[in-house]
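Here is how the chains run, residue by residue.
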Amino acid sequence: MHDLIFALGKRLFLYGVALSPLLVLPYVALAYPTGAIAIESLIIGLSLILALIASLMSGTLSRPALVTLSALLIPIGYAISSFFSATPFAITVLGDGLLGDTVLIALLIAIAFVLPSLYRVTRDDIFSSFTVFMLGLFVLAVFHFVRLFFGADVFTLGIFSSLAESPVGKWNDVGILFGLGTILTLFALELLPLSKPIRAVTAALLAVSVLLVVLVNFVPVYITLAVIALCFAVYQLIMSRRIALVPLVAVVVMVLAYFFTTEIASFEVQTLQFSTFEARPSWVSMADIGSQVLTLPFGTGPNTFELLWDAYRPVDLNATIFWNAEFRTGVATVPTALVTTGIPGLLAWIVFLVGVLWLTLSRLAFRPPRGADRFVVLGALVSGLYVLLFACIYVPSPAILLVGFAFLGFAAALTSDDTQPEYAQIGFVTFTVLAVAVLLTVITLYFVGSAALSSYYSRTAERAMVLGDMADGEARARTANSILSTDETYRLLTRIALTRLQSIVATETGESEESQTRFKDALGSAVAYAQAAATYNPNDYRNWSVLMAVYQSIVPLGIEGAHSFAVTAYERAHALNPLTPALVLERARLAVANTNEKDARTFAEEALKLKPDYVDALLLLAELDLASGEIDAAIQRAESAAQLEPSNPLLRFQIGVLKFESGDRSGAKTYFEQALALSDDYANAHFYLARVLFSEGDTEGTLRELLRVKELDPNSADIDRVLATLRAGDDPFADL
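None of the values given here were measured: they were computed from a predicted structure.

Quick look at the overall build of the protein now. On a plain count of helices and strands, the protein comes out with 33 helices and two strands. The dimensions of the protein, computed from C-alpha atoms along their principal axes, are 100 × 55 × 45 Å. Taken over 736 residues, the protein has a buried fraction of 52%. In the protein, 71% of the contacts between residues at least 6 apart in sequence involve partners at least 24 apart. With the model as given, the accessible surface of the protein reaches about 32,800 Å², and the carbon-plus-sulfur share is 63%. Separation between the mean location of the 46 positive side-chain charges and that of the 65 negative ones in the protein comes to 10 Å.

This part takes up a nonpolar patch on the surface. Residues Leu 66, Leu 69, Leu 72, Leu 73, Ile 76, Ile 80, Phe 83, Phe 84, Phe 89 and Val 351 make up a contiguous nonpolar surface patch of roughly 940 Å² in combined accessible area. Among the secondary structure elements, those contributing two or more residues to the nonpolar patch are helix H3 (66-69) and helix H4 (73-83). Exposure remark for Leu 66: the relative accessible area of 72% places this residue in the exposed category.

Moving on, we get to the packing of helix H23 (residues 541-554) against helix H24 (residues 562-576). Two numbers describe how H23 lies on H24: the axes approach to 8 Å, and their chain directions differ by 160°. Regarding the angle of H23 to H24, the classification is roughly antiparallel. Read as a crossing pair, H23 and H24 show a hand that is left-handed. Contact with H23, carried on its side by Tyr 541, Trp 544, Ser 545, Leu 547, Met 548, Tyr 551, Gln 552 and Ile 554, involves Ala 562, Phe 565, Ala 566, Ala 569, Tyr 570, Arg 572, Ala 573 and Leu 576 of H24 and no other residues of that element. The class makeup of the residues in the contact of H23 with H24 is 13 nonpolar, two polar and one charged.

Time to look at the nonpolar core. Side chains of a nonpolar character, in soluble globular proteins, are inclined to be buried together. With 133 residues, the main nonpolar core has Phe 13, Phe 133, Phe 187, Phe 352 and Tyr 386 as its most contacted residues. If sequence neighbours within four positions are ignored, Phe 352 has contacts with Ser 70, Ala 71, Ile 74, Phe 113, Leu 388, Phe 405 and Leu 408. Ile 496, Leu 585, Ala 607 and Leu 651 belong to the second largest nonpolar core, which has 56 residues in total.

The next thing to look at is the packing of aromatic side chains. Applying the stated criterion across every chain, the model contains 37 aromatic pairs. With a centroid separation of 5.2 Å and 85° between ring planes, the pair formed by Phe 83 and Phe 84 is classed as edge-to-face. For Phe 83, a relative accessible area of 59% translates into the label exposed. On the basis of relative accessibility, which here comes to 48%, the residue Phe 84 falls in the partly exposed class. Centroid distance Tyr 551 to Phe 565: 5.2 Å. Interplanar angle 35°. Geometry classified as tilted. Taken as a pair, Tyr 551 in helix H23 and Phe 565 in helix H24 lie far apart in primary sequence, 14 residues in all. Using a relative accessible area of 47% as the deciding quantity, one classes Phe 565 as partly exposed. Three or more aromatic residues link up through ring pairs in this structure, and these residues are Phe 653, Phe 660, Phe 672, Tyr 682, Phe 687, Tyr 688, Phe 694 and Phe 733. Above the ring of Tyr 570, the side-chain terminus of Arg 587 is found at 5.9 Å from the ring centroid. Residue placement shows Arg 665 over the ring face of Phe 660; its charged tip is 4.0 Å from the ring centre.

For Asn 318, the location among the structural elements is in the loop between helix H14 (305-312) and helix H15 (333-340). Taking the relative accessible area as the measure of exposure, Asn 318 reaches 0% and is therefore buried. Of the polar contacts made by the side chain of Asn 318, one reaches the backbone oxygen of Leu 610; its length is 3.4 Å. Those residues in contact with Asn 318, other than ones at most four positions away along the chain, are Trp 323, Leu 579, Pro 581, Leu 610, Lys 611 and Asp 613.

Time to look at helix H31 (residues 683-695). For H31, with 13 residues, the first-to-last C-alpha span of 19 Å sits near the 18 Å given by 1.5 Å per residue. Considered for burial, the residues of H31 that qualify are Ala 685, His 686, Phe 687, Tyr 688, Leu 689, Ala 690, Arg 691, Val 692 and Leu 693. Of the surrounding secondary structure, the elements contacted by the buried residues of H31 are helix H29 (649-661), helix H30 (665-678), helix H32 (699-712) and helix H33 (717-727).

Positionally, Asn 217 belongs in the loop between helix H9 (196-216) and helix H10 (219-240). Engagement of the side chain of Asn 217 in a polar contact is seen with the backbone oxygen of Thr 261, the distance being 3.0 Å. Once residues lying within four places of it in the same chain are set aside, the contact partners of Asn 217 are Tyr 222, Thr 261, Ile 264 and Ala 265.

The subject of this paragraph is the pattern of salt bridges. Pairing between side chains becomes possible if they bear opposite charge and their charged atoms approach one another. Within this structure, the stated rule accounts for 27 salt bridges. Between Glu 190 and Arg 242 there is a salt bridge; the shortest N-O distance is 2.6 Å. A residue pair is termed long-range when its members are at least 10 positions apart, and Glu 190 in helix H8 (residues 171-191) and Arg 242 in the loop between H10 and helix H11 (245-259) qualify at 52 residues. Owing to a relative accessible area of 11%, Glu 190 belongs among the buried residues under this scheme. Across the pair Arg 491 and Glu 488 runs a salt bridge, and its minimum N-O distance is 2.5 Å. Of the two residues, Arg 491 and Glu 488 are both situated in helix H21 (residues 487-507); the distance of three residues between them amounts to about one turn of the helix. Exposure remark for Glu 488: the relative accessible area of 22% places this residue in the partly exposed category.

To continue, consider unusual backbone geometry. One non-glycine residue, Leu 98, lies in the positive phi region at around 70°. Mapping Leu 98 onto the fold places it in the loop between helix H5 (89-94) and helix H6 (103-118). Leu 98 gets classed as buried once you look at its relative accessible area, which sits at 0%. Phi at Asn 217 is positive, roughly 65°, even though this residue is not glycine. Owing to a relative accessible area of 14%, Asn 217 belongs among the buried residues under this scheme.

Another aspect to go through is the confidence of the model for the protein. The pLDDT averaged across the protein works out to 89; a share of 96% of its residues lies at or above 70. Note that residues 416-420 has pLDDT below 50 and, in this model, four contacts with residues that lie over four places away or in other chains.

Glancing now at the state of the cysteines. For the structure shown, the criterion picks out zero disulfides. Among the cysteines around Cys 231, which has no disulfide bond, Cys 392 carries the closest sulfur, lying 17 Å off.

Thresholds applied
- Residues numbered from 1 in each chain as written.
- Predicted model: local features only at pLDDT ≥ 70, side-chain atom pairs only at ≥ 80, totals over all residues.
- Heavy atoms only, no water.
- Helix = DSSP H or I, 4+ residues; strand = E, 2+ residues; numbered from the N terminus.
- Buried < 20%, exposed > 50% of the residue type's maximum accessible area, 1.4 Å probe, protein only.
- Contact = heavy atoms within 4.5 Å.
- Areas by Shrake-Rupley, 256 points an atom, 1.4 Å probe, with all protein chains shown as cover.
- Lys, Arg positive; Asp, Glu negative; His and termini not counted.
- Charge placed at Lys NZ, Arg CZ, Asp CG, Glu CD.
- Patch = residues over 30% accessible without salt bridge, like charges linked within 9 Å, V, L, I, M, F, W, Y side chains within 5 Å.
- Salt bridge = Lys/Arg side-chain N within 4 Å of Asp/Glu carboxyl O.
- Axes fitted to C-alpha atoms, helices over the stretch in contact; angles between N-to-C directions.
- Parallel < 35°, antiparallel > 145°, perpendicular 65-115°, else oblique.
- Left-handed = near helix turned anticlockwise from the far one by under 90°.
- Nonpolar A, V, L, I, M, F, W, Y, C, P; charged D, E, K, R; others polar.
- Core = buried A, V, L, I, M, F, W, Y, C linked by side-chain atoms within 4.5 Å.
- Phe/Tyr/Trp six-rings, centres within 6.5 Å; stacked < 30°, edge-to-face > 60°.
- Lys NZ or Arg CZ within 6 Å of the ring centre and 35° of its normal.
- Polar contact = N/O pair within 3.5 Å; in protein donor to acceptor, adjacent residues only side chain to side chain.
- Expected span 1.5 Å × (residues − 1).
- pLDDT = per-residue confidence, 0-100.
- Disulfide = S-S within 2.5 Å.

Shown next, in the form of structure tokens:
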């Protein structure tokens, strides 16, 4: 029986990991890649459980090498940092929707590295896993080629809305993954005695992989593949005494692609109508943030880089289009871990990387593989090192990390001289440890499932809110919170309660007892949820910001204490994120709600100091100028905002209205015409342009513009009245 369980677990691991880049839940309202990570966790967890149960039943356990066990130090280091972190375990261990640089991800990749040794994988096992992996790449290639040439509305699977989205992750992840396919097919063509049909298929897969690498156009992949192919050509020259043409051709292709990067990007934009751009923190900003937490021996905890970014983001970023970008991770996976997990994470990665270096030297220099071993050993080792390199310079998706660490585990599990692996008899202590490991794995899978299910209900709650079904949205949000309470679910519930509160204020007089009861219930819920979010994770400025928003919404109602509570929440949020102009502008709006023009101007101008091209701050100052009768100053600020957003028809319309009210009909006409040039279906702009034309005596033009308004709003009785008055020869705007 244990042999059957062992074989089942091995196949689940070998094929599940190989297909992990394809593991998505189509047409499911689950924030991608939450569903993929949940499936990957299930595969790794079940594979580990089956391996341990088989070992318990047989009474023996494969004894992994020290280099294999070194991978377990990574999740241990993460766990130690998490234990000493002020951030809740749910965030550092599981993350928001299983996303981020969490203890869970570290645990998955470590187990993927260890399992090949536990399952005593052979050359045939690895070869079969490689084959399934390449078949999965072929399916993924078809998926992307069809979408590239037929449009993003094909093969959406209900979750992919743009061409840059992929089952494997980001668009650059596609390039990294097919770089992995390039390595394996390149090695197969050179190291395996393939029949002509199989060789032709392998060559075709190599061509497809290279083509997708070029289409993704990710420069680090070009450089890495060129270096690997060149080193492999030299290796073949030394080992086989022959010139390997295929690797040299691959070098030439990668070098050419590198020099024609701009032309490739232009081709994609002009021919495929496709472009993509990915923003990440720079190495300099990573170093600056790291220097701020050097005094913390255990770091701030896994998956807390976003909090560090909020606190120490470079102020120069406010002058770019990424001024309000939030980054869950830093410039790369491993550097992010070194910043957030402190000494435990640093030591864990150093020991593991030293172990991988020893593995590389032992497989390539001290005991080079011979014969049939060459393909599986070199393929697994170089592919794993390739992924590990990108973990050090980029943020690969969890699926790619899983594949890379599993392939490294293949190389570590193989022996170059075909000796059988060592076995250890299971005693009482070992039995207890393995039984506890099985139990902990089951518990971990339970919490992973809870996090995924909570994410599902949160996503469907947001969808219900968009559709206007607040009752269903609130019910689903409460379900999400009951499954797994986090500050994210509390903030969602706060937004729902706040929307309900604003609706009551806007539509009800508040005179009836029933109306007052609904108002108190909605306000109480909003405050309670926002306070729960801030209590759950007081280190996230967003929790204090949403609490501020709740109190700010009732400041105009004159409720005692609302303003002071809102100011207190702002001060806590601002301390955690001092350089974002958006938060300072919200403080200015709070002052407006409290009818304090002086403070409103002060904070709006402070926001402009942080971001001189901040349109919203300029517009708020323009509103304040207008309210105080300084219409010329208001127009000047609005015109400055319009220069910053030249394609915004609303801004031009607003300036036109200001000029119209100040008596500058000519200037108003210019801005109304500009607004309509940007958006011809702007009914208000047509209406105000009609007023200007009438004042100039252009009755025909006035009629033309009013008829356009009627076309845009055919059910408007006011437009019918204005048109009738105009046709009667009277002033249609006399009552305005």
